[in-house]
Amino acid sequence: MNIGDVLPPLEIPLTRSLIVATAIASRDYQDVHHDPALAQERGSPDIFMNILTTNGLVDRFVTSWAGPTAVVKRIRIRLGAPNHPGDTMTLTGSVSAIDDRRVTVDVVGTNQVGVHVSGLVEVEL
Amino acid sequence: MSGFSGATAIVGIGATEFSKESGRSELQLACEAVTAAIADAGLRPSDVDGMVTFTAETSAEIHVARNVGIGDLSFFSRVPHGGGAACGTVAHAAAAIHAGLAEVVVCWRAFNERSGERYGLGQADRPMDTNADRAAYAWMTPFGLSTPAQWVGMFARRYMHEYGATSEDFGRISVIDRARAATNPKAHFFGRPITLEEHQASRWIAEPLHLLDCCQETDGGQALVVVSAERARDLPHVPALVVGAAQGSGHDQHMMTSYYRPSISGIPEMGLVGNQLWAQSGLGPSDMQAAVLYDHFTPFVLPQLEELGFCGRGEAADFIRDGHLELDGSLPLNTHGGQLGEAYLHGMNGIAEAVRLVRGTSVNQPGDVRNVVVTAGTGVPTSGLVLGAA
Amino acid sequence: MSAYDDRLAAFVGRPLVALRPAADPVNVPMIRHWVEAMGDTNPRYLGASPVAPASMMQAWTMRGFGAPVVAGGFDELVALLAEGGYTSVVATDSDFEFVREVVPGDHVSVEEVVEAISPEKATGLGAGRFVTTLKTYCDAAGSVVATQRWRTLRFQPVASSPVEPVETPRPRPAVNLDNAFWFEAAREHRLVVQRCLACKTLRHPPGPACPECQSFDWDTVEASGRGTLYSFVVAHHPRHPAFDYPLLIAVVELDEGTRLITNLTGVTADALSIGMPLEVEWLDADPELTLPVFRPVATLEH
Ligand SMILES: [Zn+2]
């Protein structure tokens, strides 16, 4: 493994079902993640993915590459363009630092609108 | 009748399943479809010496050939303009065989159009380039005119204005397609017919187009095998003779946005195709027992009926209302369910259905079909076929 | 600082949530639900000795559906923000650091302390304040298993405003040698039409040669800017962030005889009729792009 190594990109179709199912799986019952009418009332064009799910997908993206022996030590993310139903998010990443057993992966997830998430994940191998 | 008419035949058809997420590469889909079509024809991959696909295809013939065991190729070509290419692939194959350039030609199209690059999302953010194809979008995308549904909507609005057609007239095509798909186990919308009321209630995509005026998006592959009529006699299936095969691009043609012609309520490139089909075959509209008309968006089915001569200008809405396109009508339409009901395979699945109609094996076989007309993508330079029984 | 700001500032350093245990210990059914929804097939999570996905930490201590409002700092802060009109919330940043993995049987608790509340900021979502907190997750023995720095934007929703925090420009036209003159003229608020120098035929969209007489020589004429509505669509889906929807897109036939694709302004879809007279208006979309759009000509009819 070397700095600059690129992870295989992961495309995630953002179905309405995915956005609702992941919100519920994370025990996040805020209406903006499952009720389109209330989401619109609150100024959003449609429901959108919750941040717990973005954490989960970024975690999945990096650990599926790092393998089952990897232990996640840090997940830092910043959210941008929301993930709305009907869009697709593509996660890309590359190794930005290696310190003994700890590997840092920079991650970006983009959707049709722009950057949904940017951040880093640190794993211990 | 030209010597070209009936000189070749489609003898094999093969497809993958039609899905929303194939989970496989587009190349694999192409290889599966091509392999299945060659097997259906009773031939071996090594018999193939010609290959034709779309310019839109992402897997060139060399990739498919080396994977499926096709060896030397003496003829290969590609047909441009998206779904307008469909019947053109068979036209190229038939012409090549007729000219002696090849003996066994495979035509195919495969893509992950749902799980991969979705055309319905529009052209707005495609990479910039300054070639003529890309520059053509300079007149559209800065104004937000970016998707096929929007492009077709502009034609449809004018057609409604000139002929008094309504959204319900478009919806009847959708209802017919979904009724046929409902009894086709291979169709995405198997067992799920719709009513005209459901069509009317579906959300707007690009007024005057509702959601249910728009075809689905599909992952899958479809291939066809073309040989000479003489060789076809030795193969297992009833051959579907290529009685007519033509391409057409009209005056002041644009890609989906030919808005600058004196009239935009017709699609003259399809008229050009139709005239050639009838001249080649010596047949006419009344000789067709079925039609597979390109239906990425319902409104363009109406001018197709007019351009091909099944009814007069502006009469298609009445023609449809009179029940001609039903299974027991004079011209059963899209017996597989069309691209609205079965799958969006850039028109290639429609050609396969026409082959089944000639074989007598359609799941919605409307009796004896001697001749069937098939069309390719509308609004673009296009193509068409007449397939017939020997 | 206003009195309102003072009241907000009083929350800084204050625990919003006193140490609160999760409803349930870490358990396999909830892990299964999570990894199924996330599509995560890592064998560690459901194997013989399962561990919980690291990213799931926050989920253990979520309050759940219809949880009763417990009087406390969190709800007091939410109420105070709502008083200021900041009724909507969106999470913007999360920074997890994990001390150890948690496994079924661990019982996680969380404590959340306010670190900062920003002054009001203009954002793409509306005016809002960023609230930064630190969540500390502990096990049953009180040892820290993870920390999470958490930033949310509490904002005043703007009706039908685009949600993107940055403004997306309209798609760029692909400008080349054959069409640059038209976009350059548009920047000067001139609507031009290409004209064949030999036979004087107008043409649009432009091209290098005249289809009527095959001449490659051309100049332009300036159009009157008046025309009629030839056809139109009302675009609803998909939505490109540069535009407001429903979006009116039209083909306008100029009095000079050529047609062009454009947008309509100053009118709603239900007021459109094919053939209605229109006149040009210039849209300076951004520093690089100016486009002609059309609005209905004011008539004397009422
Ligand atoms: Zn000229």
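See the structure above.
Residues numbered from 1 in each chain as written. Chains lettered and ligands numbered in written order. Predicted model: local features only at pLDDT ≥ 70, side-chain atom pairs only at ≥ 80, totals over all residues. Heavy atoms only, no water.

On to the interface of chain B and chain A, then. On the chain A side, the residues contacting the five residues of chain B number four residues. Note on chain B versus chain A: buried area summed over both sides is about 350 Å², and carbon and sulfur give 33% of it. When residues of chain B are sorted by the area they lose upon contact with chain A, S115, R118 and L121 of chain B head the list and together hold 63% of the total. Seen at the junction of chain B and chain A, the total is zero salt bridges. Connecting chain B to chain A are one residue pair in polar contact (both at pLDDT 80 or more). (Contact = heavy atoms within 4.5 Å. Buried area = accessible area lost by both parts, 1.4 Å probe. Salt bridge = Lys/Arg side-chain N within 4 Å of Asp/Glu carboxyl O. Polar contact = N/O pair within 3.5 Å; in protein donor to acceptor, adjacent residues only side chain to side chain.)

Attention now goes to the sheet that holds strand 9 (residues 218-222) of chain C. Residues and elements named next belong to chain C. The three strands are arranged 8-7-9 in an open sheet whose pairing can be described as antiparallel. Both edges of this open sheet fall to strand 8 (202-203) and strand 9, since each of them pairs with a single strand only. Where strand 7 (residues 192-196) lies against strand 8, two bridges are found, and the strand directions are antiparallel. Bridge pairing in strand 8 places Q194 opposite R203. (Pairing = 2+ DSSP bridges. Helix = DSSP H or I, 4+ residues; strand = E, 2+ residues; numbered from the N terminus.)

Looking now at the packing of helix 1 (residues 26-40) of chain B against helix 2 (residues 61-68) of chain B. Residues and elements named next belong to chain B. At a minimum axis distance of 10 Å, the contact between helix 1 and helix 2 shows a crossing angle of 60°. Classified by the angle their axes make, helix 1 and helix 2 are oblique. Taken as a pair, helix 1 and helix 2 cross one another with a handedness that is right-handed. Of the residues in helix 2, those touching helix 1 at L27, A30, C31, V34 and T35 are H63, V64, N67 and V68. Of the residues belonging to the contact of helix 1 with helix 2, the class tally is six nonpolar, three polar and no charged. (Axes fitted to C-alpha atoms, helices over the stretch in contact; angles between N-to-C directions. Parallel < 35°, antiparallel > 145°, perpendicular 65-115°, else oblique. Left-handed = near helix turned anticlockwise from the far one by under 90°. Nonpolar A, V, L, I, M, F, W, Y, C, P; charged D, E, K, R; others polar.)

The next point concerns the sheet that holds strand 7 (residues 219-228) of chain B. All names here are of chain B. Strand order in this open sheet of nine strands is 3-2-4-7-1-8-11-10-9, and the pairing throughout is mixed. Only two strands of the sheet have a single neighbouring strand rather than two, namely strand 3 (75-79) and strand 9 (290-292). Ignoring strand direction, the axes of neighbouring strands in this sheet form an average angle of 25°. Bridge analysis of strand 10 (residues 371-375) against strand 11 (residues 382-388) gives five bridges, and the strand direction is antiparallel. Bridging across to strand 11, V373 finds its partner in V386. Where helix 2 meets the sheet, it contacts strand 2 (50-54), strand 3 and strand 4 (105-112), and its direction lies at approximately 130° from that of strand 2.

A word on the pairing of strand 2 (residues 71-79) of chain A. In regular strands, side chains alternate between the two faces of the sheet. Examined bridge by bridge, strand 2 of chain A and strand 5 (residues 115-124) of chain A share eight bridges and lie antiparallel to one another. For R78 of chain A, the partnering residue across the bridge sits in strand 5 of chain A and is S118 of chain A. The pairing of strand 2 of chain A with strand 2 (residues 88-98) of chain C spans five bridges and is classified as antiparallel. Paired with I77 of chain A across the bridge in strand 2 of chain C is S94 of chain C.

One frequently used descriptor of interface size is the decrease in accessible area upon assembly of the parts. Contacts between the two partners involve 39 residues from chain B, matched on the other side by 37 residues from chain C. Of the roughly 3,300 Å² buried where chain B meets chain C, counting both sides, 66% is carbon and sulfur surface. Connecting chain B to chain C are 13 residue pairs in polar contact (both at pLDDT 80 or more). Breaking the side of chain B that touches chain C down by element, the ones donating at least two residues are helix 4 (132-135), helix 5 (148-163) and strand 5 (204-207) of chain B. If one sorts the elements of the side of chain B that touches chain C by residue count, helix 5 of chain B sits on top with seven residues. Here the residues of the side of chain B that touches chain C are counted per class, giving 19 nonpolar, 11 polar and nine charged. As paired strands, strand 5 of chain B and strand 10 (residues 226-235) of chain C are joined by two bridges and run antiparallel to one another. Paired with E207 of chain B across the two strands is V234 of chain C, which belongs to strand 10 of chain C.

All names here are of chain B. Here L209 is to be found in strand 6 (residues 209-210). Separated by 53 residues in the primary sequence, L209 and A156 place their C-alpha atoms 8.2 Å from one another. Excluding anything up to four places from it in sequence, L209 contacts A149, V152, G153, A156, W204, C214, F297 and P299.

This part is about helix 4 (residues 73-83) of chain C. Residue and element names in this part refer to chain C. Within helix 4 the residues assigned to the buried category are G73, D75, L77, L80 and L81. The inward-facing, buried residues of helix 4 contact helix 1 (3-9), strand 1 (15-21), strand 3 (109-117), strand 5 (126-138) and strand 6 (144-155). Just past helix 4, the residue G85 takes up positive phi, approximately 90°. (Buried < 20%, exposed > 50% of the residue type's maximum accessible area, 1.4 Å probe, protein only.)

What follows deals with the pairing of strand 3 of chain B. All names here are of chain B. Because side chains alternate across strand 3, one face comprises the buried residues F75, S77 and V79, and the other comprises F76 and R78, none of which is buried. Across five bridges, the pairing between strand 2 and strand 3 is parallel. Residue pairing in the sheet places F54 in a bridge with V79 of strand 3. Handedness of the crossover joining strand 2 and strand 3 through helix 2 is recorded here as right-handed. (Right-handed = clockwise from strand over helix to strand, strands pointing away.)

Spatial relationships are all this shows, so hold off on functional conclusions.
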